[in-house]
Amino acid sequence: MNQHSRTDWGEDDDTAKTAEVELDSGKHLLSNGSVVISAITSCTNTSNPSVMIGAGLVAKKAVEHGLSVSPLVKTSLAPGSRVVTDYLEASGLMYYLNKLGFDLVGYGCTTCIGNSGPLPDPIENAIKKHDLTCAAVLSGNRNFEGRIHPFVKFSYLASPPLVVAFALAGTVDIDIYNEPLGKDSDDNPVFLKDIWPSQEEIRTTVEKVLNPELFRAQYSLVFEGDENWSSLSTPKGSQYEWEKDSTYIQEPPYFKDFSIESHSLSDIKSANVLVLLGDSVTTDHISPAGAIPKDGPAGMFLIDEGVKPSEFNSFGSRRGNHEVMIRGTFANIRLRNQLVPGTEGGMTIHTPTNEKMSVFEASRRYQSEGRPLIVIGGKEYGTGSSRDWAAKGTALLGVKAVIAESYERIHRSNLVGMGVLPLQFKHGESWKSLSLTGFEDYNIEGISKELSPRKEIMVQAINNGGDQKVFNVICRLDSPIEIDYYRNGGILRTVLREMI
Amino acid sequence: MSDEIKLSTYSRFNTSAGPIYFYSLKLLENSIGVNISRLPVSIRILLENVLHNFDDRTVTVENVQALANWNSNKAEYTEIPFKPARVILQDFTGVPCVVDLAAMRSVVSKMGGDPDRINPIVPVDLVIDHSVQVDYYATSEAFSKNVEREYERNHERYGFLRWAQSAFDNFRVVPPGTGIVHQVNLECLASVVSSKEVNGDTVAFPDTLVGTDSHTTMINGLSVLGWGVGGIEAEACMLGQPLHMLIPEVVGFKLYGELSHGVTATDLVLTVTEILRKRGVVGKFIEFFGRGLSHLSLSDKATIANMAPEYGATMGFFPVDIETLRYLKMTGRDRKQIELVELYTKEQGLFRTDESEEPIFSELVELDISTIEPSLAGPTRPQDRVSLKNLKESYESTLKDRLGGRR
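Residues numbered from 1 in each chain as written. Chains lettered and ligands numbered in written order. Predicted model: local features only at pLDDT ≥ 70, side-chain atom pairs only at ≥ 80, totals over all residues.

**Structural notes on the overall build of chain A**
At step 1: For chain A, the count of helices and strands is 18 helices and 17 strands.
At step 2: Taken over 500 residues, chain A has a buried fraction of 52%.
At step 3: Put simply, of all contacts in chain A between residues at least 6 apart along the chain, 71% involve residues at least 24 apart. (Helix = DSSP H or I, 4+ residues; strand = E, 2+ residues; numbered from the N terminus. Buried ≥ 20, exposed ≤ 12 C-beta atoms within 10 Å, placed from the backbone. Contact = placed C-beta atoms within 7 Å.)

**What about the overall build of chain B?**
At step 1: Within chain B, the secondary structure is distributed over 14 helices and 17 strands.
At step 2: Computed over its C-alpha atoms, the radius of gyration of chain B comes to 23 Å, within 12% of the 22 Å expected for a compact globule of 407 residues.
At step 3: Counting only C-alpha atoms, chain B reaches 70 × 55 × 45 Å along its principal axes.
At step 4: When the 407 residues of chain B are sorted by exposure, 58% land in the buried category.
At step 5: For chain B, the proportion of contacts with a sequence separation of at least 24, taken over those separated by at least 6, is 73%. (Rg over C-alpha atoms; globule rule 2.2 N^0.38 Å.)

**So, the nonpolar core**
At step 1: Grouped together as the largest cluster of nonpolar side chains are 279 residues, with contacts concentrated most on Val36, Val163, Ile374 and Val402 of chain A together with Ile286 of chain B.
At step 2: The element best represented in this core is helix H5 (residues 91–110) of chain B, accounting for ten residues.
At step 3: Apart from the residues within four sequence positions on either side, Val402 of chain A is in contact with Ile374, Val375, Gly377, Tyr381, Leu415, Val420, Pro422 and Leu423 of chain A. (Core = buried A, V, L, I, M, F, W, Y, C linked by C-beta atoms within 7 Å.)

**Some thoughts on the interface of chain A and chain B**
At step 1: With 108 residues of chain A at the interface, the matching set in chain B holds 109 residues.
At step 2: Of the residues assigned to the side of chain A that touches chain B, the class counts are 47 nonpolar, 46 polar and 15 charged. (Nonpolar A, V, L, I, M, F, W, Y, C, P; charged D, E, K, R; others polar.)

**Things to note about the sheet that holds strand E15 (residues 363–368) of chain B**
Residues and elements named next belong to chain B.
At step 1: Strand order in the open sheet formed by four strands is E14-E13-E12-E15, with parallel pairing between adjacent strands. In this open sheet, the two strands that pair with only one neighbour each are strand E14 (315–317) and E15. Taking the axes of each pair of neighbouring strands and ignoring which way they run, one obtains an average angle of 20° across the sheet.
At step 2: By the bridge criterion, five bridges tie strand E12 (residues 250–256) to strand E13 (residues 285–289) in an arrangement that is parallel. When the bridges of E13 are listed, Gly252 appears paired with Glu287. (Pairing = 2+ DSSP bridges. Axes fitted to C-alpha atoms, helices over the stretch in contact; angles between N-to-C directions.)

**Section: the domain arrangement of chain B**
All names here are of chain B.
At step 1: Here chain B is partitioned into domain 1 (4–82), domain 2 (86–197 + 205–216) and domain 3 (245–406).
At step 2: Relative placement of domain 1 and domain 3: their C-alpha centres are 27 Å apart.
At step 3: Each partner contributes to the interface: domain 1 provides 27 residues, whereas domain 3 provides 24 residues.
At step 4: Those elements that provide at least two residues to the side of domain 1 that touches domain 3 are strand E1 (10–15), strand E2 (18–23), helix H2 (25–32), helix H3 (41–52), helix H4 (61–68) and strand E3 (79–82).
At step 5: Considering each element in turn, the side of domain 1 that touches domain 3 owes the most residues, four residues, to H3.
At step 6: Residues belonging to the side of domain 1 that touches domain 3 are distributed by class as follows: 16 nonpolar, six polar and five charged. (Domains from an automatic or database assignment.)

**Points about the packing of helix H9 (residues 265–279) of chain B against helix H10 (residues 298–306) of chain B**
All names here are of chain B.
At step 1: Taken N-terminus to C-terminus, the directions of H9 and H10 make an angle of 30°; their axes are 9 Å apart at the nearest point. Relative to H10, the crossing made by H9 is right-handed. Mapping the contact onto sequence places Ala265, Thr266, Leu268, Val269 and Val272 in H9 and Ser299, Asp300, Thr303 and Ile304 in H10. (Left-handed = near helix turned anticlockwise from the far one by under 90°.)

**Things to note about the confidence of the model for chain B**
At step 1: Averaged over every residue, the pLDDT of chain B is 95; residues scoring 70 or more account for 98%.
At step 2: Scoring of the predicted complex yields 0.92 for pTM and 0.97 for ipTM. (pLDDT = per-residue confidence, 0-100.)

**Describing the sheet that holds strand E4 (residues 86–90) of chain B**
All names here are of chain B.
At step 1: Reading across from one edge, E6-E5-E4-E9-E10 is the order of the five strands in this open sheet, with parallel pairing throughout. Since the sheet does not close on itself, it has two edges, and those belong to strand E6 (171–174) and strand E10 (225–228), each with one partner. The average angle at which neighbouring strand axes cross in this sheet is 15°, direction not considered.
At step 2: The sheet contact formed by E4 and strand E5 (residues 124–127) spans four bridges and is parallel. If you follow Val87 over to E5, its bridge partner there is Val124.
At step 3: Contacts from helix H6 (residues 142–167) reach E5 and E6 within the one sheet, and its direction differs from that of E6 by about 140°.
At step 4: Contacts from helix H8 (residues 231–238) reach E4, E5 and strand E9 (208–211) within the one sheet, and its direction differs from that of E4 by about 140°.

**Considering the domain arrangement of chain A**
At step 1: Domain annotation of chain A identifies domain 1 (14–219) and domain 2 (263–287 + 329–499).
At step 2: Between the C-alpha centres of domain 1 of chain A and domain 2 of chain A there is a distance of 48 Å.

**Considering the environment of Asp321 of chain B**
All names here are of chain B.
At step 1: Mapped onto the elements of the fold, Asp321 is located in the loop between E14 and helix H12 (322–330).
At step 2: Along the chain, Asp321 and Leu343 lie 22 residues apart, while their C-alpha atoms are 12 Å from each other.
At step 3: In contact with Asp321, not counting residues within four places along its chain, are Leu293, Phe351, Arg352 and Thr353.

**Topic: helix H2 (residues 49–64) of chain A**
Residue and element names in this part refer to chain A.
At step 1: In this model H2 runs 22 Å from its N-terminal to its C-terminal C-alpha over 16 residues, within 8% of the 22 Å that 1.5 Å per residue would give.
At step 2: Most of H2 is tucked away, with 13 of its 16 residues classed as buried.
At step 3: Phi turns positive, to about 80°, at Gly66, one or two residues after H2. (Expected span 1.5 Å × (residues − 1).)

**Brief notes about the environment of Phe351 of chain B**
Residue and element names in this part refer to chain B.
At step 1: Relative to the helices and strands, Phe351 is located in the loop between helix H13 (335–347) and E15.
At step 2: Taking the number of C-beta atoms within 10 Å as the measure of exposure, Phe351 has 21 and is therefore buried.
At step 3: Separated by 176 residues in the primary sequence, Phe351 and Pro175 have C-alpha atoms spaced 35 Å apart.

**Observations concerning the confidence of the model for chain A**
At step 1: For chain A, per-residue confidence averages 93 on the pLDDT scale, and 97% of positions sit at 70 or higher.
At step 2: Below a pLDDT of 50 lies the segment residues 1–11 of chain A, which in the model reaches 13 contacts outside its immediate sequence neighbourhood of four places, other chains included.

**Digging into unusual backbone geometry**
At step 1: Cis geometry marks the peptide bond from Gly378 of chain B to Pro379 of chain B, where omega comes out at 10°.
At step 2: Mapped onto the elements of the fold, Pro379 of chain B is located in the loop between strand E16 (375–377) and strand E17 (385–387).
At step 3: Not every positive phi belongs to a glycine, and Ser280 of chain A is a case in point at roughly 50°.
At step 4: Along the chain, Ser280 of chain A falls in the loop between strand E9 (268–276) and helix H11 (283–286).
At step 5: For Ser280 of chain A, a count of 15 C-beta atoms within 10 Å corresponds to the partly exposed category.

**A look at the pairing of strand E4 (residues 74–77) of chain A**
Residues and elements named next belong to chain A.
At step 1: On E4, burial covers both faces: Lys74 and Ser76 on one face and Thr75 and Leu77 on the other are all buried.
At step 2: In this structure, strand E3 (residues 35–40) lies alongside E4, joined through four bridges in parallel fashion. In the strand pairing of E4, Ile37 is matched with Lys74.

**Remarks on the environment of Gly384 of chain A**
Residue and element names in this part refer to chain A.
At step 1: Tracing the sequence through the fold places Gly384 in the loop between strand E12 (373–376) and helix H15 (388–396).
At step 2: C-beta crowding within 10 Å serves as the criterion here: with 17 such atoms nearby, Gly384 is assigned to the partly exposed category.
At step 3: When the C-alpha positions of Gly384 and Asp284 are compared, they lie 7.2 Å apart, and in sequence the two are 100 residues distant.
At step 4: Beyond its immediate stretch of four places on either side in the chain, Gly384 contacts Thr282, Thr283 and Asp284.

Dropping the structure here:
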């Protein structure tokens, strides 16, 4: 069964672990290194006719040599445009891709962004039970651990023809130049070189099947969609009829008590610290993107709304519902809030009562008490991808200002865009150097009068014993336009006032 | 300062469809006395953007001066306002942007105003590509069944987007099951050079954009300036606000030679990613140049541009050349549009040939394409390239380290 040589590391060695898996097609051996996902996916490569035709030619030659793909491999073809399947059909190569299991699964991001779907249960179970390190080989652009599939530890990015080759090999534990991919009907070994197309073959096939008409035909209909799309029940009218019971789309409260005139600016008085953070807090700490935990505020909210955990979907797909997103803000379990050292993310202390509760609950409590909130952070606050919900969620939790040692550029600009004031400790100062605990009452003065870019602003921190510390911070509104955004309560309100 | 800087650079050329007006970089060079012609092409396109959007309020003469004086020798800490010509969205990040627009309409209406006045000011295209999952596979019914599941899961969001498509001006939706935003942009949406009517003149300018997806850079392969931004920035751009950015350093990446037999553009991009990640190019533009470009297809360039976030750069830019025109023809673009791209870029000195004078860059990297070998990258980071011939060895040692670390 096992046609590939393996390095011998001794009998007790975990590296050569193997498990038997029973599928509809029979029993199969799953090992470390087994390819369980083989995906021709991603705009990175499916936009390139040479490699797509290359993959088709590899499939054709493999089929002609009598090779096949093991049922352990989840094979998929998901191009980024319909033109691709048109030219694969026109070249006759689609037939061979299908023969190997590379049937069309969709036109979209699929496996490349982790939408690879589940593996067959027996495979997932075997991987978990035996702690197997199985592999994905995909023509995508990212492969961070767990991104492609939660149970697939190794993901290799490769060209589409190599994706097909590794589906045939069924393992990444192979010297693919010297070991055969399989055997033909006469039991002769078949090697990569036997099925690898020449540059000339690829070029002539591309030239034969690609033409402007193919693109015109598909793209003249690009905004049309299929029957599913045209038969969607769609509200009419120039305003959206917000549905109260939708758990995906809700009217966001950014314009609550909006007026044509902007309010005059005021100082921040008697603010509490919602969370006190260390260095390098990422936007993913502030607003996580993945699965929605059942027992967190967002999960409990969805359950209350009648959504089963199996239908939670991800934070990503629920970004149109601020109620879910606010509850997810600062709820990442990897966030370390120094107000409650030693706990996982999402918890904080409500200072007036010294009660421990979720960040969301505390925010509600403070807001009902009419108390403004601030966040205190360290260096590189808001680093990572430019996730807008990190700033939106902060604003909607009632946070009026953030004080940090330094900011990631985009997150700082997003905070301004949402009307949250970014303040920066003076060089060499930090909440630690100033011996702040986060349980003080904070007054921030110098906002109401003559606010200007990079102005120094005075902060007063008063602890419950009445002792006060006074320090200056730099207002990180960096340009007159940002002052304007802030005065208006953010970009959306600024633009809205201009449009009305 | 008045409109002087725009008036003194306003120029025209003739096409088979009539005269085209534009803001000339050559005239700008004369008018401000700064040598622009050897700036990186990507910087010149930014400069044109600032020039043609000059309004003395959000975009000032100082901004034009700052870019024209772009200096290859030092990092600049000057911000400039970039006004992209259009915005692209995908459905994960795009839905909240559209929700915000809908909320703006609701509030205008509550205040007794006309909600129809709220629209994107620059054209916006949203491509629904992020929601389809591979539930069914290896069967001829996989596509239709996956689409069915996708609609079951997402009909609320899709109904909303379909409403938005009919309700807003300047807003189009590419329905699910059509394609991936960056590939649809490459094959159909991007114009390379755009034009619009201004006071009766047809004024041309380079196509530029931002997108709410990090791989927006793929369009740099088609010489369109653009990259991924966060949702709030995208919303601001949709509503006509500029994107404030630091003037970037530009790394010139010289390519020469051609791919060997059996080697693909994927192997090339994985190698480029490895090289640039090691070097550290975060926050910088990469601009490719050199004779090697003449041996790459446009699709090859798009593959390389696509992975800019993996190599860490803001962009991976390729200037327009003869291959760009060929690709526009092959993908069925309008003949007059292709003529506009050719004439405009030649007129502005933006069209690359093997004889073009090399721009002056902040730093240089070189790669002989003929040395590229078949590769993979992994198992957990895109910059960890593994030569195909070393895969077994690399896999085994990585696995051993892992298991060893766990004990």
